[in-house]
Amino acid sequence: MKVLLVLAFLMNLDNLLQTGDCASTRDQVLSITTSTSEQEEILNNITTSCKAMLWRVFEPQYIKEEGEVHLLVLAENSQAVKEELQKNNIKHQVWLDNVKDLIDMQMDSKRTAHSDFYERFNTLEEIYDWINQTSQLYSNMVETVLIGTSFEKRPLYVLKLSGEKRAEKKAIWMDCGIHAREWISPAFCLWFVNHMLRNYKGDQDVTLILDNVDIYVLPVFNPDGYKHTWNSTATVNRMWRKNRSHNKNSTCIGVDLNRNFDANWCNEKTSKDPCSVTYCGPSPESEPETQAVANFLRSHNDSVQIYYAIHSYSQMLLFPYSYSLDKTPNYDEVSDMLKDVAEKIKTYSGNTYSYGPGATTIYLASGISNDWAYDQGIKYSFTFELQDRGRYGFLLPPSLISQACNEALIAVKTVALRVIEKTNSDSQ
């Protein structure tokens with residue numbers, strides 16, 4: 001049985017899939033269950049004919065392989081879709097009837113009188129201001145590094161967090177917001193930096209980590225896309241995934257930055273169509289954002305031990321490979337780490353996190369950042385998919401930010417402490 005969530009919204013979908021510029025009003029989520037291959041094919045045809053935007057699974061070919069698929073389609077097509085489902089005896093029901101309300105809630109959270117900065121979603125401008133203020137407030141521990149600029153010439157700022165200064169310290173890399181619509185990701189990067197700085201010398205684990213490694217944090221990998229998701233309350237803007245680069249010989253905008261790395265580039269389940277949300281780009285590292293991160297990590301290849309890519313949603317703890325079914329040499333070690341993480345999160349919040357290689361835990365995909373990092377020699381390379389499992393999807397309410405960030409913190413700290421312990425043991 002396959003459960004498929006269909007999000008319907010009022011918009012011009014040709015414009016949606018190509019440029020991301022349009023307006024929407026009332027949106028709706030349908031829950032659909034298919035039980036036969038014929039029904040799967042009918043649903044596949046519905047998504048193609050309606051030019052719907054797949055949410056979590058991204059491309060129609062995944063419908064037959066994924067147990068759970070999230071789909072965006074015109075609200076004005078909602079009745080036609082329901083009639084088609086009924087005609088083919090495909091079970092369905094309304095799952096969410098307040099998508100626009102959830103978007104408004106996310107955007108309005110920053111204006112709540114007593115809302116905490118770290119428990120709300122912040123605009124790109126607010127994040128840039130925060131970077132400035134944080135580097136000034138903690139000038140003894142924070143260095144701001146400009147590693148490049150985006151397609152639209154926005155700065156890519158990395159914060160370097162350091163405890164006690166020591167020669168030849170190893171390092172951790174963390175990036176957030178590679179996919180524009182995954183707002184909980186940048187929210188976590190801000191939350192994490194604040195947590196580490198405020199608790200240094202007060203929390204044993206935080207102090208141990210910062211005294212042993214430097215941490216490089218890129219709060220917004222895709223600033224152009226993130227800015228676009230805030231440009232209006234239209235669902236299509238809020239659901240934008242790619243960057244905002246212009247594609248040669250196409251009116252379609254953007255490249256999926258997490259398909260643009262030179263890791264079996266543009267092969268497994270990755271699109272060469274500029275209009276696809278998983279478009280891999282014209283060449284590996286064709287995008288300035290990808291180039292900037294790859295160049296920085298190559299220049300720090302001797303020090304970076306751990307790579308964290310923070311995403312949402314699905315509550316998964318992933319490690320290489322995504323582009324191959326082959327197991328990495330350290331499969332058992334990393335799997336044991338993530339088993340420990342999943343158990344600790346379960347104890348903390350009751351939430352279940354799946355873990356394993358990307359290819360078998362979610363699906364085969366190429367050009368993924370943590371696969372590239374692993375192939376560069378960073379043997380502890382992860383993609384953490386934060387809350388939730390589909391109840392709200394990319395529209396996580398601000399009230400769940402704190403819990404989601406604490407779950408992610410458990411993952412980041414648990415892995416970091418294990419790697420530091422192993423490194424110190426090996427060096428003795």
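Residues numbered from 1 in each chain as written. Predicted model: local features only at pLDDT ≥ 70, side-chain atom pairs only at ≥ 80, totals over all residues. Heavy atoms only, no water.

1. Considerations on the overall build of the protein chain
Link 1 in the chain: Tallying secondary structure elements over the protein chain gives 14 helices and 13 strands in all.
Link 2 in the chain: Considering the protein chain as a whole, with its 428 residues, one finds that 61% of them fall into the buried category.
Link 3 in the chain: Just so you have it, the protein chain exposes about 16600 Å², and 46% of that area is on carbon and sulfur atoms. (Helix = DSSP H or I, 4+ residues; strand = E, 2+ residues; numbered from the N terminus. Buried < 20%, exposed > 50% of the residue type's maximum accessible area, 1.4 Å probe, protein only. Areas by Shrake-Rupley, 256 points an atom, 1.4 Å probe, with all protein chains shown as cover.)

2. Comments concerning the packing of helix α6 (residues 184-199) against helix α7 (residues 204-212)
Link 1 in the chain: Between α6 and α7, the least distance of the axes is 9 Å, while the angle of their chain directions is 95°. Classified by the angle their axes make, α6 and α7 are roughly perpendicular. Between α6 and α7, the contacting residues are H195, M196 and N199 on the first element and V206, T207, I209 and L210 on the second.
Link 2 in the chain: Along the lines of polarity and charge, the residues of the contact of α6 with α7 split into four nonpolar, three polar and no charged. (Axes fitted to C-alpha atoms, helices over the stretch in contact; angles between N-to-C directions. Parallel < 35°, antiparallel > 145°, perpendicular 65-115°, else oblique. Contact = heavy atoms within 4.5 Å. Nonpolar A, V, L, I, M, F, W, Y, C, P; charged D, E, K, R; others polar.)

3. Regarding unusual backbone geometry
Link 1 in the chain: Cis geometry is adopted by the peptide bond preceding Y313, which originates at S312 and carries an omega value of 0°.
Link 2 in the chain: Inspection of the secondary structure assignment puts Y313 in the loop between β10 (304-312) and β11 (316-319).
Link 3 in the chain: In this structure, Y321 follows P320 across a cis peptide bond, with omega equal to 5°.
Link 4 in the chain: You can see Y321 is positioned in the loop between β11 and α11 (331-349).
Link 5 in the chain: Its identity as a non-glycine residue notwithstanding, S314 has a phi of 140°, on the positive side.
Link 6 in the chain: Position of S314 among the secondary structure elements: in the loop between β10 and β11.
Link 7 in the chain: Classification of S314 by relative accessible area gives buried; the value is 2%.

4. Side note on the confidence of the model for the protein chain
Link 1 in the chain: For the protein chain, the average pLDDT comes to 87, and 86% of its residues sit at 70 or higher.
Link 2 in the chain: Within the model, the stretch residues 2-25 combines pLDDT values under 50 with 117 contacts to residues more than four positions away or in other chains. (pLDDT = per-residue confidence, 0-100.)

5. A few points about the pattern of salt bridges
Link 1 in the chain: For the structure shown, the criterion picks out 17 salt bridges.
Link 2 in the chain: In this structure, K201 engages E164 in a salt bridge whose closest nitrogen and oxygen atoms are separated by 3.1 Å. Taken as a pair, K201 in the loop between α6 and α7 and E164 in the loop between β7 (155-161) and β8 (170-176) lie far apart in primary sequence, 37 residues in all.
Link 3 in the chain: Across the salt bridge formed by R418 and D340, the nearest N and O atoms sit 3.4 Å from each other. Of this pair, R418 sits in helix α14 (residues 401-427) while D340 sits in helix α11, placing them 78 residues apart in sequence.
Link 4 in the chain: Under the relative-accessibility criterion, D340 is labelled partly exposed at 22%.
Link 5 in the chain: One continuous salt-bridge network, built from bridges that share partners, spans D336, D340, K344 and R418. (Salt bridge = Lys/Arg side-chain N within 4 Å of Asp/Glu carboxyl O.)

6. Considering the pairing of β11
Every other side chain in a regular strand lies on the same face of the sheet, so the side chains alternate between the two faces.
Link 1 in the chain: Residues M316 and L318 line one face of β11 and the alternating positions L317 and F319 line the opposite face, and both faces are buried.
Link 2 in the chain: Note: β11 against strand β12 (residues 354-357), four bridges, orientation parallel. Residue pairing in the sheet places M316 in a bridge with S354 of β12.
Link 3 in the chain: In terms of handedness, the path from β11 via α11 over to β12 forms a crossover that is right-handed.
Link 4 in the chain: Two elements, β11 and strand β13 (residues 380-386), share three bridges in a ladder whose sense is antiparallel. (Pairing = 2+ DSSP bridges. Right-handed = clockwise from strand over helix to strand, strands pointing away.)

7. Considering the state of the cysteines
Link 1 in the chain: Counting across every chain of the model gives three disulfides.
Link 2 in the chain: Residue pairing for C176: its cysteine sulfur links by disulfide to C189, the two sulfurs lying 2.1 Å apart. Disulfide C176-C189: torsion about the S-S bond near 80°, hence right-handed. Of the two residues, C176 sits in strand β8 while C189 sits in helix α6, which places them 13 residues apart along the sequence. Neither residue differs from the other here; C176 and C189 are each classed as buried.
Link 3 in the chain: Here C266 engages in a disulfide with C280; their sulfurs sit 1.9 Å apart. Judged by the sign of its S-S torsion, about -60°, the bond between C266 and C280 is left-handed. You can see C266 sitting in the loop between α9 (235-238) and α10 (288-299) and its partner C280 sitting in the loop between α9 and α10, a full 14 residues away along the chain.
Link 4 in the chain: Disulfides within the protein chain link the bonded cysteines, taken in sequence order, as 1-2, 3-5, 4-6. (Disulfide = S-S within 2.5 Å.)

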